[in-house]
Amino acid sequence: MKCLCLIPALLWVTFLSYRAGAQNKRLLDNDSLLKVYLQQQPGGADTGAEAITLFEKGSARLKMRYESYYDLTLKTERYLKINKQQALDLANVSIPYANGLDVDDIDFQSINLVNGEVIREKLRKKDILKERLAGDVKLYKFNFRNIKPGSIIYYAYTYDIRLNYYMGNNLPASWSFQGQYPALESWFELVIPDHVSYRWVAKNVAFARTTPETFNQRDSARLESYNEKRKENTCIWRRHSVPAIKQEDYIRNPDLLTERINLSISVRSPFYNVESRTIPESWAKANELFLYRHPFLGYWAFHLQDTLSTVLDKLNKGWSDNMVMARDIYTFVRDSIGERDKNTNPVSTYWDISPEAVLKNKKGSAMQKNILLTALLRKAGFKSNPILLSTTNGEKIEERYFEMEAINYLISSVKINDKDYLLDASSKYLPFGILKPSCYNGFAWMIDKEGKPLQLDPDSLEERKTTVATITPSPKEGDYHLTIEEKLGNVSAPQMRAALKEDSVAVRKELEEEMSKLSCKSRLKSYKIMNRDLPDTSLRILYDLDMTLDTSGNIIYINPFFKPLFHTNPFSADQRRYPVEFGYAFTYQFILRFRIPDGYEPEDYNNPVQLSLNDYMFYKSLMRYDPADRVLSLSYSLSSKTATVDAASYANLRTFYDRIINEQHKKIALRKTN
């Protein structure tokens, strides 16, 4: 589903998020048109879709009350036709609200065709339920009655918000024209006073500026107008015949693939001429105006408090070099400062977020912990800076212009012996110098007096996972002892440690199920997870299994790839619309040593195999036999230099994986020699 979000950007508060909706009121009262929609699928619609949006419209109107005070009205309307049973859940609608975020003008109706007549049924007050979501956030919950395939549901509501422009210079807004179901028409309208400016950018769609006469003739159009009497500017964006977003695997954030617009509205009063309250033209200008000295961003990283010296004195156990010192400081912040309660009011006071306050409370948000880390490193004499970024959970940051609303995360950097390290002390499972994969989302900004742009490319994060297996014969013929050691990499190890903390029983069950999928007949005797609470050391999993081979005949057939990379091709679809996003580069390596039992000799073992895809993805396997030691050795690896494969290369990627699976299904023969 789609949402429109406007928030005071400088306070980093997600002020609201709401579902998008429908057309102008005339359709609701037009029985003849409604009857056509109820009787048949509208032209241009996806006839196989479970539901279709007939018309939706979101609007934002900003009106000045007096001086610097504004009323912001956000309105949503939507007409949705249910085509199939699977879409009946759309009859259940939830609307979030909170203190200062009032919901008004609620109108919910179900529309059906009964004996050739259009019958509307309005929502009753007793059908409205209230539910607390978290903190001050609550939900209105509605359930449409008498909904079946063929029904149309209509809902509309508004949010009324009172704003002071001092609360935050720029209000971000976004509107997605694309969602889970196709839409015949999707509109967004912005109405603002003429002294208020705004900037917008379209994602995955282009809007041509049109006239009133040509506005409805294009599939994507933009119409601007000015009301002299009200001193208001209006802009409407329109999309016609919008396909549904396609659900595909290996996509880090499907919302970033939708057709949408992002806006930044500069909220200021005509009675005050304050340059810093306009939208900065660039990141460098934003850095100059406020990033460096803003209390929620750069200020506390550079204005160092005396308390920090006391912390460093306690940590100093005779530091031998700079790397040891930096690691100790990082470990202290990561392990000693707890996570802030998620229900805590995100708008802190100037002093609440200071390093001194975080140290006193022994709790902090990810941003607060990393600002504390930066401050401690600088107090210790390191060159350290905070870095602003957007994780893959949010919008990608535009390098061309400043986007405060896109920022949702802050990390730290430190230079040691002329080498830069990126640090994130927010998670107890991250080792020094390693970031979460979600942090690698393109453009980022380092805060300093001058500021500096960075590129956090997912290709620069590599997951290296190694598996070593040994098979030795047991005294009983046909029985073998199998040991497996898995060494997890910089991506999988923190994820495994976090999962073990969350639900160790579920993780252990998953590990046991993975061992049950081995290509050989085996029984798991025991396994052990090593270094689970030591994030700066390698996380290893040791398995101990018994394995049985059928020795009744003269030949034993065995698949040496008993732990294949994949059991089935993860790319089973014939076609793909979007790029394949692994999230990081990777190298997976497997090494096997198989002690062949006396009385048998291997034959038909494979020749070396080398496969490649477009010079960035490689598969290699090599099998050798040493008759002196009677050891069959196998090694294979799959590596990718890229974290993303474009959709145009999908067919080749799918074939590449098919060839790997085919290679890993080949068996070798052990023939009796006596």
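Quick caveat: nothing in here was measured; it's all calculated off a predicted structure. (Residues numbered from 1 in each chain as written. Predicted model: local features only at pLDDT ≥ 70, side-chain atom pairs only at ≥ 80, totals over all residues. Heavy atoms only, no water.)

Caption draft 1: The arrangement of unusual backbone geometry in detail. The phi torsion at Asp105 lies on the positive side, around 50°, for a residue other than glycine. Structurally, Asp105 is set in strand S6 (residues 102–114). Residue classification places Asp105 among the exposed positions, given a relative accessible area of 60%. (Helix = DSSP H or I, 4+ residues; strand = E, 2+ residues; numbered from the N terminus. Buried < 20%, exposed > 50% of the residue type's maximum accessible area, 1.4 Å probe, protein only.)

Caption draft 2: Structural view of the nonpolar core. Core analysis: the largest hydrophobic core is formed by 71 residues, its most contacted members being Phe562, Phe594, Met617 and Tyr657. If near-sequence neighbours (up to four positions away) are discounted, Met617 is found in contact with Phe582, Phe586, Leu611, Ser612, Leu638, Ser639, Ser640, Val645, Leu653, Phe656 and Tyr657. Formed by 43 residues, the second largest nonpolar core is a distinct cluster that contains Ala87, Ile95, Val103 and Ile265. (Core = buried A, V, L, I, M, F, W, Y, C linked by side-chain atoms within 4.5 Å. Contact = heavy atoms within 4.5 Å.)

Caption draft 3: Representation of the environment of Asp533 in the model. For Asp533, the location among the structural elements is in the loop between strand S27 (521–530) and strand S28 (540–548). Linking Asp533 and Tyr429, residues 104 residues apart in sequence, is a C-alpha distance of 8.1 Å.

Caption draft 4: Spotlight on the pairing of strand S23 (residues 442–446). Most of S23 sits out of view: five of its five residues are buried. With two bridges joining them, strand S20 (residues 383–389) and S23 adopt antiparallel strand pairing. Directly across from Ile387, in S23, lies its bridge partner Met446. With five bridges connecting them, S23 and strand S24 (residues 452–456) associate as antiparallel partners. Counterpart to Met446 in the pairing with S24 is Lys452. Between S23 and S24, which pair antiparallel one after the other, the connecting turn spans five residues, and Gly451 there sits at a positive phi close to 80°. (Pairing = 2+ DSSP bridges.)

Caption draft 5: Fine view of the packing of aromatic side chains. Tallying each qualifying case throughout the model produces 39 aromatic pairs. Judged by centre distance (5.7 Å) and plane angle (25°), the rings of Trp175 and Phe188 are stacked. Of this pair, Trp175 sits in strand S11 (residues 170–176) while Phe188 sits in strand S12 (residues 183–193), placing them 13 residues apart in sequence. Classification of Phe188 as buried rests on a relative accessible area of 0%. Aromatic pair Tyr619 and Tyr636: ring centres 6.4 Å apart, planes at 35°, arrangement tilted. Of this pair, Tyr619 sits in strand S34 (residues 617–626) while Tyr636 sits in strand S35 (residues 631–640), and the two are 17 residues apart along the sequence. Following the ring pairs from residue to residue traces out a cluster consisting of Tyr250, Phe566, Phe571, Phe582, Phe586, Tyr588, Tyr650, Phe656 and Tyr657. (Phe/Tyr/Trp six-rings, centres within 6.5 Å; stacked < 30°, edge-to-face > 60°.)

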